[in-house]
Amino acid sequence: MIRSNSLNTGYSKKGFLFFVLFSCFATISFSQKKAKPNPLKTEVQQAIDTRYADLTDLSDKIWSFEEIAFQETQSAAALSDYAESLGFKVTRGVGEIPTAFVAEYGSGKPIIGIMGEFDALPGLSQNKVPYKDPLHVDAPGHGCGHNLFGVASLGAAASIKDLIEKGEIKGTIRFYGTPAEEKFFGKLWMIRAGLFNDVDVMMDWHPADETKVNAQKGLALVDFQVEFRGQAAHASADPWNGRSASDALELYANGINYYREHIKPTVRIHYHIQDAGQVVNVVPDYSRIWVRVRDSSREGLIPVWERVEAMAEGAAILANVDYEVSLISGVHEMLINRKGSEVLQKNLESLGPISYTEEEQVFAKKIQESVNKPQIGLVSEIKPLEETLEHSMGGSTDVGDVSWNVPVISLSATTAPNGTPWHSWAVVACGGMSIGHKGMGYAAKALAMTMVDLYQDPALVESIQTEFKTKKGDYVYKGIIPDGPPPITSKLQ
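The structure displayed is predicted, hence computed values, not measured ones.

### A short note on the pairing of strand β4 (residues 172-177)
Counting buried positions along β4 yields 6 of 6 residues, so the element is predominantly enclosed. Burial along β4 is two-sided: T172, R174 and Y176 facing one way and I173, F175 and G177 facing the other are all buried. The pairing of strand β2 (residues 101-106) with β4 spans 6 bridges and is antiparallel. Across the sheet, residue F101 finds its bridge partner in β4, namely G177. Inspection of the sheet shows strand β3 (residues 111-116) paired to β4 by 6 bridges, in the parallel sense. By the bridge assignment for β4, I114 is matched with F175.

### Points about the layout of surface pockets
Of the voids in this model, the largest pocket is the one considered here, and its volume is about 1,100 Å³. What lines the largest pocket is a set of 44 residues, among which H206, G394, G395, S396 and T397 lie closest to the centre. If you list the elements that add at least two residues to the lining of the largest pocket, you get β5 (201-208), β9 (268-275), β11 (286-295) and β13 (408-414). Take the lining of the largest pocket: its biggest share by element is 5 residues, from β5. Looking at the lining of the largest pocket, its residues break down into 16 nonpolar, 15 polar and 13 charged.

### Quick word on the sheet that holds strand β12 (residues 322-331)
Strand order across the open sheet formed by 4 strands is β9-β11-β7-β12, with antiparallel pairing between neighbours. Two strands close off the open sheet at either side, each with one partner strand: β9 and β12. Averaged over neighbouring strand pairs, the angle between their axes works out to 20° when direction is ignored. Pairing analysis gives 9 bridges linking strand β7 (residues 220-229) to β12, with the strands arranged antiparallel. Bridge pairing in β12 links Q225 to S326. Of the strands in this sheet, β7, β9 and β11 are in contact with helix α7 (residues 245-259), which crosses β11 at around 15°. Contacting β7, β9, β11 and β12, helix α8 (residues 298-319) crosses the sheet at an angle of about 10° to β7.

### Things to note about the packing of helix α3 (residues 52-65) against helix α4 (residues 73-85)
Where α3 contacts α4, the two axes come as close as 9 Å, and the packing angle between them is 165°. In terms of axis orientation, α3 runs roughly antiparallel to α4. Crossing hand, α3 versus α4: right-handed. Judged by residue contacts, D54, L55, L58, I62 and F65 of α3 engage Q74, S75, A78, L79 and Y82 from α4.

### Focus on the packing of aromatic side chains
Within the structure shown, the criterion is met by 9 aromatic pairs. Look at F228 and Y252: their rings are 6.1 Å apart centre to centre, the planes differ by 65°, and that puts the pair in the edge-to-face class. With a gap of 24 residues between them, F228 in strand β7 and Y252 in helix α7 connect regions that are remote in the sequence. For F228, a relative accessible area of 0% gives the class buried. Take Y252: its relative accessible area is 1%, and that puts it in the buried class. Three or more aromatic residues joined by ring pairs make a cluster, and in this case those are F70, F184 and W189. The lysine or arginine in question, K161, covers the ring of Y105, its NZ or CZ lying 5.2 Å from the ring centre. Lying across the ring of W404, R298 places its NZ or CZ 4.2 Å from the centre.

### What to know about the nonpolar core
If you look at the biggest cluster of nonpolar residues, it comprises 73 residues, and the most contacted ones within it are F88, I160, W205, M451 and L454. When residues in this core are grouped by element, the largest group, 13 residues, is from helix α13 (residues 434-456). F184, L188, M190 and F468 belong to the second largest nonpolar core, which has 34 residues in total.

### Overview of the environment of Y52
Along the chain, Y52 turns up in helix α3. On a C-alpha basis, the gap between Y52 and G441 in space is 7.0 Å, while along the polypeptide they are 389 residues apart. The residues touching Y52, leaving out its near neighbours within four places in the chain, are H437, K438, M440 and G441.

About the thresholds
- Residues numbered from 1 in each chain as written.
- Predicted model: local features only at pLDDT ≥ 70, side-chain atom pairs only at ≥ 80, totals over all residues.
- Heavy atoms only, no water.
- Buried < 20%, exposed > 50% of the residue type's maximum accessible area, 1.4 Å probe, protein only.
- Helix = DSSP H or I, 4+ residues; strand = E, 2+ residues; numbered from the N terminus.
- Pairing = 2+ DSSP bridges.
- 1 Å grid on protein atoms, 1.4 Å probe; cavity = no way out; pocket = protein on both sides within 12 Å on 5 of 7 lines; lining within 4 Å.
- Points joined across faces, edges and corners; volume = space filled by probe spheres on them.
- Nonpolar A, V, L, I, M, F, W, Y, C, P; charged D, E, K, R; others polar.
- Axes fitted to C-alpha atoms, helices over the stretch in contact; angles between N-to-C directions.
- Contact = heavy atoms within 4.5 Å.
- Parallel < 35°, antiparallel > 145°, perpendicular 65-115°, else oblique.
- Left-handed = near helix turned anticlockwise from the far one by under 90°.
- Phe/Tyr/Trp six-rings, centres within 6.5 Å; stacked < 30°, edge-to-face > 60°.
- Lys NZ or Arg CZ within 6 Å of the ring centre and 35° of its normal.
- Core = buried A, V, L, I, M, F, W, Y, C linked by side-chain atoms within 4.5 Å.

Structure, rendered in structure tokens:
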């Protein structure tokens, strides 16, 4: 009996300990479930919902303008006029770029910036249908979703402006209208003008076929132009009197293609032959090629760039012509800020995925069928925060250059079906209808919620800046652009 009572007493103590632990866990869990949402985050979401009709209308206008790099006159005016109507102080034509502008509200620190692009791509005009059908033949179209990009960012900025105006937060909100991302990289000249120098944290997003924090670096790149000049002659009567610029161009392109075997897997080389002569019976005395070199870092980029440029001299010698190499511009890879990314990730998870109607999913699957992709429809579940890879592939952006001047927090939001070829008619089709509109509104909310965190938590801003300074180290940023004004009227247009 004594032994039995001892055992019972032991179990009683264990049971009591279990009860206490369970009660504590239940109390914590109940407390977490009942935790009230941040009222300011609720407020910015409501503000974006209230303006949703205005934002979609603005996005559709920019979609219809179809304006390419440095020619976004109507698009820039629509965005800056709307910002002004909301009470922002707007400065137009910044950085020597007629279509660049800054819209600002508030005063003092922190200064939180948010970027918005609005340029289209040549030759991608498309109706709002799930099969290829140009709206205007050979005209531009928003094949990267930039009609959504600038509008969502401005919508987010406007919701923050409301809070500052009411005295619910303190600081400055600044929207940057950044043109020419698809060609020339307008942000480079805005950086050179010092427009980002006093910003504490910069927000950014991009349309995509999935929703996640942008945690990969992308690729650094450089664009340059090579021109060959020879001697014209009759191609049949006296070709021996000609020195063919077209021959030099072909030799140069062949040299690039032979070089591909001997570059690292992270390198990409593209070129576009822009002029190789006008008629078949004339030995051409002029040719021009636009070359782009990419790598996962600027350090890896530079030796490949130098080698590809040097090949132009060899081609000119072989064809007995003159040559000229001209720098267009180039961009850095992204400097990823993990602290800022973690904050954005929490807000994405709080928002949850975008929901779609059956009609929208049918539209998406028809697009996937048209481009020979699995017909899985729209995918918007929140991707986990990825580890930042040392060598990430993908595209390039001048946001990378901004990220070497101020910490950047960046998002991708679903605006097109999963697997959709980017820079294609399919993206244009979705960007002009409800699928794109939903992604736009979602991005605006995620960005605004994250900015609320930044305004409410000075220590968070400080930790983001500390990480930025540590990762940047002693690197002194230098933009890859030529001297002189931006190429507003360049013959590369």
